[in-house]
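# Results of the structural survey
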Amino acid sequence: MEIKNVVVAGGGVLGSQIAFQTAYSGYNVTIWLRSEGSIGRCQPKIDNLRETYLATLEAMKTDKSAYAYGLLPAEDVTPEACEAAKAKVESAYENLRLVASYEEAFKDADLVIESIAENPEEKVAFYTEMAKHLPEHAVVLTNSSTLLPSMFAEHTGRPEKYLALHFANTIWAHPLTEVMPHAATDPANIDVAMGFARSIRMIPIRVNKEQPGYLLNSLLVPFLSAAQALWAAEIGSVEDIDTAWKLGTGAPLGPFQILDVVGLTTAYNITLMKPGAKDPNSIESKIAALLKEKIDAGETGVAAGKGFYSYNK
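Below, the structure is looked at part by part. Given the structure is predicted, the values throughout are model-derived calculations rather than measurements.

The rules behind the values
- Residues numbered from 1 in each chain as written.
- Predicted model: local features only at pLDDT ≥ 70, side-chain atom pairs only at ≥ 80, totals over all residues.
- Heavy atoms only, no water.
- Helix = DSSP H or I, 4+ residues; strand = E, 2+ residues; numbered from the N terminus.
- Buried < 20%, exposed > 50% of the residue type's maximum accessible area, 1.4 Å probe, protein only.
- Lys, Arg positive; Asp, Glu negative; His and termini not counted.
- Salt bridge = Lys/Arg side-chain N within 4 Å of Asp/Glu carboxyl O.
- Polar contact = N/O pair within 3.5 Å; in protein donor to acceptor, adjacent residues only side chain to side chain.
- Contact = heavy atoms within 4.5 Å.
- Axes fitted to C-alpha atoms, helices over the stretch in contact; angles between N-to-C directions.
- Parallel < 35°, antiparallel > 145°, perpendicular 65-115°, else oblique.
- Nonpolar A, V, L, I, M, F, W, Y, C, P; charged D, E, K, R; others polar.
- Phe/Tyr/Trp six-rings, centres within 6.5 Å; stacked < 30°, edge-to-face > 60°.
- Lys NZ or Arg CZ within 6 Å of the ring centre and 35° of its normal.

## Topic: the side chain of Asp 242
- Of note, Asp 242 is situated in helix H8 (residues 238-249).
- Lys 246 provides the closest opposite charge to the buried, unpaired Asp 242, separated from it by 5.6 Å.
- A polar side-chain atom of Asp 242 sits 2.6 Å from a polar atom in the side chain of Tyr 309.
- Leaving out residues up to four positions away in the same chain, Asp 242 has contacts with Gly 254, Pro 255, Phe 256, Gln 257 and Tyr 309.

Laid out in structure tokens, this is it:
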């Protein structure tokens, strides 16, 4: 299957990153957004990504630690190659389209990547309307991190052409993509998703069957939950828990530093989904209450300048 026209539905943190990386890789990319207001909120993210890509490429000329896999193969990094890649950044920025029309966005799409809010009702409404405008050959991927493809497959009107392609944050530097089909996905479309991921300089990992949290979050969430339980039970301080992990394993970040990157609002929402969170005497309930205190104080993580630690914006 030849892919030329890619539509990313949703212009949030990851949606904007996926769109920019795809445009950087040479595809015609459209971002579909719900309204003109959504377009106004998305554009600054695209502006920031342009600056980030350009600054990273400039740093890569002289600093090996600045290397980002998604921008160039390591063996090709030269000042000349970085300058040429800057031209690709500018082309991506100039050619990205932001539209609020289903018809305009989807009529010529070869591939759609859905990255809208993690709300089942909103996703059903989106897929139902999108299906009316999409060419028959188009493959649809979801970047959902918590909801399974089988929940929405029938609503897409093409269950055999639907599966998950899940990205990690800061995709130009962290190129993990997890490819997860549902039971009715045609295996040929798994290959389409894997090939597309490689074509935008991502590294696709196959998840053989549906699993909430895929591979990465199935490992990460219990780890972060264990750290939060130690903190909430006053068994160790944030700093000491992080230090124990880093010194004991050689990891560059402790669990609370990771939580600051993920965002405390996300951690809070995950905690609330646990059955024990409804019991006011449970450790989950105590974790949720402590996280809520920090969220209410505006201490939501790196993006806010403060979470468990303070950061320069």
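There's more to say after this.
## Details of the packing of helix H7 (residues 216-232) against helix H11 (residues 283-296)
- Where H7 meets H11, the closest approach of the two axes is 9 Å, and the angle between their N-to-C directions is 85°. With respect to each other, H7 and H11 are oriented roughly perpendicular. Here Ser 225, Gln 228, Ala 229, Trp 231 and Ala 232 of H7 come into contact with H11, specifically with Ile 283, Lys 286, Ile 287, Leu 290, Leu 291 and Lys 294.
- For the contact of H7 with H11, the per-class residue count stands at 7 nonpolar, 2 polar and 2 charged.

## Let's talk about the packing of aromatic side chains
- Taken as a whole and assessed by the stated rule, the structure comprises 17 aromatic pairs.
- The interplanar angle of 40° and the centroid separation of 6.3 Å between the aromatic rings of Trp 32 and Phe 106 together place this pair among those described as tilted. Separated by 74 residues along the polypeptide, Trp 32 in strand E2 (residues 28-32) and Phe 106 in helix H4 (residues 102-106) bring together distant segments of the chain. Of the two residues, Trp 32 and Phe 106, both sit in the buried class.
- Joined through ring pairs, the aromatic side chains of Trp 32, Tyr 102, Phe 106, Phe 126, Tyr 127, Phe 152 and Tyr 162 make up one cluster.
- A cation over an aromatic ring shows up here: Arg 201 above the ring of Tyr 69, its NZ or CZ 4.3 Å from the ring centre.
- Taking NZ or CZ as reference, Lys 294 lies 5.2 Å from the ring centre of Phe 308, over its face.

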